[in-house]
Amino acid sequence: MPRWTVLPACALLGALAGSVYGLGQTPVYTATSYVVAVPRAKSDPATALGFAQAYGKVATQLAVLGDAQVAAGVSPAELRDRVKVATSPDAPMISVSASDTRPDTAATLANAVSRSLTTSANHTVKSTKVELLPFSRAVEPTAPSSLSTPVSALVGLCAGGLLGGLVLLVRPRAAARPGPGTTVPGPASAGIRGSA
């Protein structure tokens, strides 16, 4: 087979593998809720930003997830696997994202963790002078957050094409061999003596 056929063959195999993966995977939905840290009277607004960062780090700890498991209906370990918490470096806001194969369950998980985090943080509001308030509840997502089948096929096509190109670069070329009856020229003379 010609060397150039490796590239389209690998790209075709990659697209086929991506399509099979996209058709076989279960759609995953992600819902996100937000809570905001608000400073109390006579409190520095920068303090709220610092506490928002701190609360974002403890949001997936057992103390918070233990209260959320009752409303979510799953174990704290399962909540930790399905929930991701992020904070902003510029605003005292915390986002709680939950993923599940059902959109209503994803929204329920995100809201349960946000509610538990808010309740847990507000137990110490007298000493911290910062209050956590719900900013936006999670709603049921209308589209899955996982890759669709066409996108998976495109990713597989690109990956297959890249691998095919690497194979062409690494694969050594066949050395040209002289055919039968072909004369090979002898070595050139080292130099030509001039006349005296």
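**Description of the side chain of Asp100**
- In this fold, Asp100 is placed in strand β3 (residues 93–100).
- The exposure class of Asp100 is buried, given its relative accessible area of 10%.
- In this structure the side chain of Asp100 is engaged in a polar contact, spanning 3.0 Å, whose partner is the backbone nitrogen of Arg102.

**Observations concerning the environment of Val130**
- Along the chain, the position of Val130 falls in strand β4 (residues 130–136).
- Along the backbone, Val130 and Ala52 are 78 residues apart, and their C-alpha atoms lie at a distance of 9.0 Å.
- Apart from the residues within four sequence positions on either side, Val130 is in contact with Ala37, Val38, Pro39, Thr47, Ala48, Phe51 and Val125.

**Describing the sheet that holds strand β1 (residues 29–39)**
- With respect to topology, 4 strands assemble into an open sheet ordered β2-β3-β1-β4, the strand pairing being antiparallel. Each of the sheet's edge strands pairs with one partner strand only, and the pair in question is β2 (83–87) and β4. Mean inter-strand twist for the sheet, computed between neighbouring axes without regard to direction, equals 25°.
- With 6 bridges connecting them, β1 and β4 associate as antiparallel partners. Bridge pairing in β4 places Val35 opposite Pro134.

**Things to note about the packing of helix α3 (residues 62–72) against helix α5 (residues 103–121)**
- Packing of α3 against α5 leaves a shortest axis separation of 8 Å and a crossing angle of 140°. Looking at the two axes, α3 sits oblique to α5. Considering only the axes of α3 and α5, their crossing is right-handed. Contact with α3, carried on its side by Val64, Leu65, Asp67, Ala68, Ala71 and Ala72, involves Thr108, Leu109, Ala112, Val113, Arg115, Ser116, Leu117 and Ser120 of α5 and no other residues of that element.
- Considering only residue class, the contact of α3 with α5 consists of 9 nonpolar, 3 polar and 2 charged.

**As for α5**
- Between the first and last C-alpha of α5 there are 27 Å, a value that for 19 residues agrees with the 27 Å anticipated at 1.5 Å per step.
- Here α5 has its buried residues at Ala106, Ala107, Leu109, Ala110, Asn111, Ala112, Val113, Ser114, Ser116, Leu117, Thr118 and Ala121.

**Things to note about the packing of aromatic side chains**
- In total, this model carries 1 aromatic pair according to the counting rule given.
- Between Phe51 and Tyr55, the aromatic rings sit 5.9 Å apart at their centres with planes inclined by 35°, giving tilted as the arrangement. Residue Phe51 and its partner Tyr55 are both found in helix α2 (residues 45–58); the two are separated by 4 residues, about one turn of the helix.
- Classification of Phe51 by relative accessible area gives partly exposed; the value is 25%.

**Let's talk about the pairing of β3**
- Along β3, 6 of the 8 residues are buried, which leaves the element largely enclosed by surrounding structure.
- The pairing of β1 with β3 spans 8 bridges and is classified as antiparallel. The partner of Thr32 across the bridge, within β3, is Ser97.
- Between β2 and the antiparallel strand that follows it, β3, lie 5 residues.

Calculation notes
- Residues numbered from 1 in each chain as written.
- Predicted model: local features only at pLDDT ≥ 70, side-chain atom pairs only at ≥ 80, totals over all residues.
- Heavy atoms only, no water.
- Helix = DSSP H or I, 4+ residues; strand = E, 2+ residues; numbered from the N terminus.
- Buried < 20%, exposed > 50% of the residue type's maximum accessible area, 1.4 Å probe, protein only.
- Polar contact = N/O pair within 3.5 Å; in protein donor to acceptor, adjacent residues only side chain to side chain.
- Contact = heavy atoms within 4.5 Å.
- Pairing = 2+ DSSP bridges.
- Axes fitted to C-alpha atoms, helices over the stretch in contact; angles between N-to-C directions.
- Parallel < 35°, antiparallel > 145°, perpendicular 65-115°, else oblique.
- Left-handed = near helix turned anticlockwise from the far one by under 90°.
- Nonpolar A, V, L, I, M, F, W, Y, C, P; charged D, E, K, R; others polar.
- Expected span 1.5 Å × (residues − 1).
- Phe/Tyr/Trp six-rings, centres within 6.5 Å; stacked < 30°, edge-to-face > 60°.

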